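Listed below are the residues making up each chain.
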There are 2 protein chains.
Amino acid sequence: MSGLVMTLVTCSTSLHCGLEAHVRGPRQLRESEIIFQKQRKRTPGSQTATYQRKMNPKDDKRTDLCTSPVFVHNPHLDTLKDDVLYHFGLGTGTHDLPAMFGDVKFVCVGGSPWRMKSFIEYIAAELGMEDPKSEYPNICAGTDRYAMYKVGSVLSVSHGMGISSIAIMLHELIKLLHHAHCTDVTIIRIGTSGGIGLKPGTVVVTKQSMDATFLPKFEQVILGKTVVRNTDLDQSLAEELLQCSKELNQFETVIGNTMCTLDFYEGQARLDGAFCSYTEKDKQDYLTKASEAGVCNIEMESSVFAAMCKMSGLRAAVVCVTLLDRLKGDQLNESHEVLHSYQLRPQILVGYYIRKQLKAKAVCS
Amino acid sequence: MSGLVMTLVTCSTSLHCGLEAHVRGPRQLRESEIIFQKQRKRTPGSQTATYQRKMNPKDDKRTDLCTSPVFVHNPHLDTLKDDVLYHFGLGTGTHDLPAMFGDVKFVCVGGSPWRMKSFIEYIAAELGMEDPKSEYPNICAGTDRYAMYKVGSVLSVSHGMGISSIAIMLHELIKLLHHAHCTDVTIIRIGTSGGIGLKPGTVVVTKQSMDATFLPKFEQVILGKTVVRNTDLDQSLAEELLQCSKELNQFETVIGNTMCTLDFYEGQARLDGAFCSYTEKDKQDYLTKASEAGVCNIEMESSVFAAMCKMSGLRAAVVCVTLLDRLKGDQLNESHEVLHSYQLRPQILVGYYIRKQLKAKAVCS
């Protein structure tokens, strides 16, 4: 067991107590999710078995005695004969997931399938791993729900728009990484967003993801009851990305809070949706309050991304470029070329970070 | 004005009063949305102008004296020089929307871009309007967010997965139909779902869309405050679709309530997600309660679809096939061929309905 201890603390009141899953090992897992749920018994789950199975120092030479697996928290998975990752068109009964994905160390996710294909082409060039025929097959070609590409230890996956769409993808991605016995995985969402008081083109690395009332939480309804989850992201990873931006010196990058909304128009106080029942002043007042709460930008996926990555032990960051300053407008007025150049910035920053990490690892090994 | 009167009723308490938009005309609009919002003044909005502009009896011979436009409820739209429908890659400044879409009478929407292309091919054949070269260009080819196809008066649009993704599409679709001066539009969502206590392959036409606590409402956060919207769908349209299924006599169809969730795994009490903190019995108890509340199936878009269509005066239905009985399992065990045949059922039913409507219209004209 290598010192791995799992403690499940439960108490009895249905909406104000619950399950804390602490997994302690050579590296203390930084998660302490509190799920408000019904009382239940100690359920060891499948993470223990996985940890034992993958405690192989060859997997990561940088952290010989300290690898971190990808956790699922679901004892029922062990009872499945095959696990079908339906929205990926993959499964444990039909694909050799350890052979296909066991070496993954970096996962980049973004809304647009085109952008995630572009990212894998970019990272292949950055790492000197270009395919001479420029062929990067879509691993999820059997479905049109998501697109997935892989080069070396880097996986690139699209997630569509909104928390529901990214949550489906993350459930199946976390299971995929778990079934593939991956360890020490860093996951970064690269995307676009609306800025508040920032020059368009600024890149924001998220500190905390906030809801539309400026609280750092994600609410998930389970069995009809609301569960509150923590939306902190990995602060050391955010700082490393900020340092990379300084070294790159190509565009401005800041660390700040990101507001995650369920809706793009009314939910983000836009004046240009099909429905709008508030005034320009109402909008400005709301965005000003957001700014006062430390919100630098607004997008639609970071809260559930932060919550789920934290629960599964994935080191996670959100890196979004701002396409406009929402205090000055709602529609995009910049030229296609300028907007395209902005959209490249998160991938440039993350590409630089990955190359730097792999170089450091090569030196240590 | 043809008897058109618009009344905006407001009151002052921020969370317990609001705006009721009643539009009375030759045909009484069946919407009575209540938006909990701050007090605001009478704002006639742009729907009146549009109604006047498009009050043209030639537009719909079936209802010579009674056409119904597509409403936006946003006075700010009139102040925009151009309206960019960003996620469609279309706009009023770059495209002649009335010429492109002015004849649209039926809109079918569904999650998968492939399925919506398949639908337009199917409906073209049904209506005898096949392109000899089988070319059905994607009108939104400039973006990968949504796909859109058109044959005659039928528009087919993909919406991705989840309420956030479909809401962005619907905001821009409603504006598109409004800018194109469309009248008497029927919109139907065709999709897949998990059934409760129904034989897999049963088609469910939604009566009301319910949330995860079995209440017929959709909650939208606007300026940080929760607004509650009605999720009733058009009952006469549901009955017409049920009658069509009887005439087709190919598969079972029922009218029932549909639960709309934000999450596919924990949100639908599945046991096969990356995280699961409840037992098989907890799951069964929850789904049984849903069934007792009249829920026949579960999907992820119907609530915001019902709410937004109701607000914009679109006659709307949700037609989803059940791929499995959730009381008996969570993963899909049927063969690919069987699942594919199930997925065709909503399009067969809706295709029959559209053909029947167009035939009836041709007889009347």
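Quick caveat: nothing in here was measured; it's all calculated off a predicted structure. (Residues numbered from 1 in each chain as written. Chains lettered and ligands numbered in written order. Predicted model: local features only at pLDDT ≥ 70, side-chain atom pairs only at ≥ 80, totals over all residues. Heavy atoms only, no water.)

## Observations regarding the overall build of chain A
Secondary structure summary: chain A contains eight helices and 15 strands in total. Taken across its 365 residues, chain A has 59% of its residues classed as buried. A sequence separation of at least 24 residues applies to 73% of the contacts in chain A between residues at least 6 apart. Carbon and sulfur atoms provide 53% of the accessible area of chain A, an area that totals close to 14000 Å². (Helix = DSSP H or I, 4+ residues; strand = E, 2+ residues; numbered from the N terminus. Buried < 20%, exposed > 50% of the residue type's maximum accessible area, 1.4 Å probe, protein only. Contact = heavy atoms within 4.5 Å. Areas by Shrake-Rupley, 256 points an atom, 1.4 Å probe, with all protein chains shown as cover.)

## Things to note about the relation of the copies chain B and chain A
Under the fitted operation, chain B is carried onto chain A by 0.0 Å of movement along the axis and a turn of 180°, and the coordinates agree to an RMSD of 0.0 Å. Expressed as an axis order, the relation between the two copies is that of a two-fold axis. An overlap of 100% is found between the interface residues of chain B and their copies at the interface of chain A, pointing to a shared contact surface. (Least-squares fit on C-alpha atoms with pLDDT ≥ 70 in both.)

## Topic: the UniProt feature "binding site: phosphate" (unreviewed entry) in chain A
Residue and element names in this part refer to chain A. Sites flagged by UniProt as "binding site: phosphate" (unreviewed entry) map to R145, R189, I190, G191 and T192. The residue R189 is located in strand β9 (residues 186–195) in this model. Look past the residues within four positions of R189 in its chain and what remains in contact with it is V109, G110, G111, H159, I166, E299, E301, F305, A317, V318, V319 and C320. Only 3.2 Å separates the side chain of R189 from the side chain of H159, close enough to count as a polar contact. (UniProt positions renumbered as here; feature names shortened; annotations may be inferred. Polar contact = N/O pair within 3.5 Å; in protein donor to acceptor, adjacent residues only side chain to side chain.)

## With respect to the UniProt feature "binding site: substrate" (unreviewed entry) in chain A
Residue and element names in this part refer to chain A. Within this numbering scheme, the UniProt entry marks Q268 and R270 as carrying the feature "binding site: substrate" (unreviewed entry). The topology assignment puts Q268 in the loop between β13 (253–260) and α6 (280–292). The exposure class assigned to Q268 is buried, which follows from its relative accessible area of 2%. Other than its neighbours up to four places away in sequence, Q268 contacts T261, D263, L287, I298, E299, M300 and R326. There is a polar contact of 3.0 Å between the side chain of Q268 and the side chain of T261. For R270, the location among the structural elements is in the loop between β13 and α6. Residue contacts for R270: discarding those within four places in its chain leaves F264, Y265, C276, Y278, L324, R326 and D330.

## Details of the interface of chain B and chain A
Taken residue by residue, the interface counts 76 residues in chain B and 76 residues in chain A. For the pair chain B and chain A, the summed buried surface comes to about 6300 Å²; carbon and sulfur atoms form 58% of the total. When the area that chain B buries against chain A is broken down by residue, the three leading residues are M161, L223 and F275 of chain B, summing to 13%. Our enumeration of links across chain B and chain A arrives at two salt bridges. Among the salt bridges present, the one from R229 of chain B reaches E266 of chain A, with a minimum N-O distance of 2.7 Å. (Buried area = accessible area lost by both parts, 1.4 Å probe. Salt bridge = Lys/Arg side-chain N within 4 Å of Asp/Glu carboxyl O.)

## Notes on the side chain of K283 of chain B
Looking at where K283 of chain B falls in the secondary structure, it is placed in helix α6 (residues 280–292). Apart from residues lying up to four places away in sequence, K283 of chain B is in contact with L223 of chain A together with A269, L271, R326, G329 and D330 of chain B.

## Topic: the packing of aromatic side chains
Residues and elements named next belong to chain A. Across all of its chains, the model carries eight aromatic pairs over all chains by this definition. For the ring pair F88 and Y146, a centre distance of 5.8 Å and an interplane angle of 75° mean the geometry is edge-to-face. Here the residue F88 occupies a position in the loop between β4 (84–85) and β5 (90–91), and Y146 occupies one in the loop between α3 (113–126) and β7 (148–151), the gap between them amounting to 58 residues. Residue classification places F88 among the buried positions, given a relative accessible area of 0%. Residue Y146 is classed as buried on the basis of its relative accessible area, which comes to 2%. Ring plane angle 80° and centroid distance 5.0 Å describe the contact between F264 and Y265, whose orientation is recorded as edge-to-face. Residue F264 is classed as buried on the basis of its relative accessible area of 16%. (Phe/Tyr/Trp six-rings, centres within 6.5 Å; stacked < 30°, edge-to-face > 60°.)

## Observations regarding the pattern of salt bridges
For the structure on display, the rule yields 28 salt bridges over all chains. R315 of chain B is paired through a salt bridge with D234 of chain B; the nearest N and O atoms lie 3.5 Å apart. On the criterion of sequence distance, the pair formed by R315 of chain B in strand β15 (residues 315–325) and D234 of chain B in the loop between β12 (225–230) and α5 (235–248) is long-range, its members being 81 residues apart. Since its relative accessible area comes to 17%, R315 of chain B is described here as buried. By relative accessible area, D234 of chain B is classed as buried at 10%. Via salt bridges that share partners, R189, E299 and E301 of chain A belong to a single interconnected network.

## Let's talk about helix α7 (residues 302–311) of chain A
Count 3.6 residues to each turn of an α-helix, and residues three or four apart come out pointing the same way. All names here are of chain A. Taken across its ten residues, α7 has nine buried, putting it largely inside the fold. Those residues of α7 that fall on the buried side of the exposure criterion are S302, S303, V304, F305, A306, A307, M308, C309 and M311. Just downstream of α7, G313 is the residue with a positive phi angle, here 75°.

## Some remarks on unusual backbone geometry
All names here are of chain A. Positive phi outside glycine occurs at N249, with the angle close to 55°. Along the chain, the position of N249 falls in the loop between α5 (235–248) and β13. Given a relative accessible area of 67%, N249 falls into the exposed group.

## Let's talk about the side chain of T202 of chain A
All names here are of chain A. Along the chain, the position of T202 falls in the loop between β9 and β10 (203–210). From its side chain, T202 meets the backbone oxygen of K199 in a polar contact 2.6 Å long. When near neighbours in sequence (up to four residues on either side) are disregarded, T202 contacts E252, V254, C320, V321, T322 and R345.

## Side note on the pairing of β13 of chain A
In summary, the side chains of a regular strand alternate between the two faces of the sheet. Residues and elements named next belong to chain A. Across the eight residues of β13, seven count as buried, placing the element largely inside the fold. Alignment of β10 against β13, held across six bridges, turns out to be parallel. Residue pairing across strands places M210 opposite M259, the latter belonging to β13. As paired strands, β13 and strand β14 (residues 295–299) are joined by four bridges and run parallel to one another. When the bridges of β14 are listed, M259 appears paired with I298. (Pairing = 2+ DSSP bridges.)

## Details of the confidence of the model for chain A
Residue and element names in this part refer to chain A. Mean pLDDT over chain A works out to 85, with 82% of the residues at or above the 70 mark. In the predicted structure, residues 1–64 sits below a pLDDT of 50 and forms 131 contacts with residues beyond four places in sequence or in another chain. Interface scoring of the predicted complex returns ipTM 0.84; its pTM is 0.85. (pLDDT = per-residue confidence, 0-100.)

## Some details on the environment of E292 of chain B
Residue and element names in this part refer to chain B. As for its position among the elements, E292 is in helix α6. Judged by its relative accessible area of 65%, E292 is exposed. Each C-alpha atom of the pair E292 and V107 lies 32 Å from the other, and the pair is 185 residues apart in sequence.

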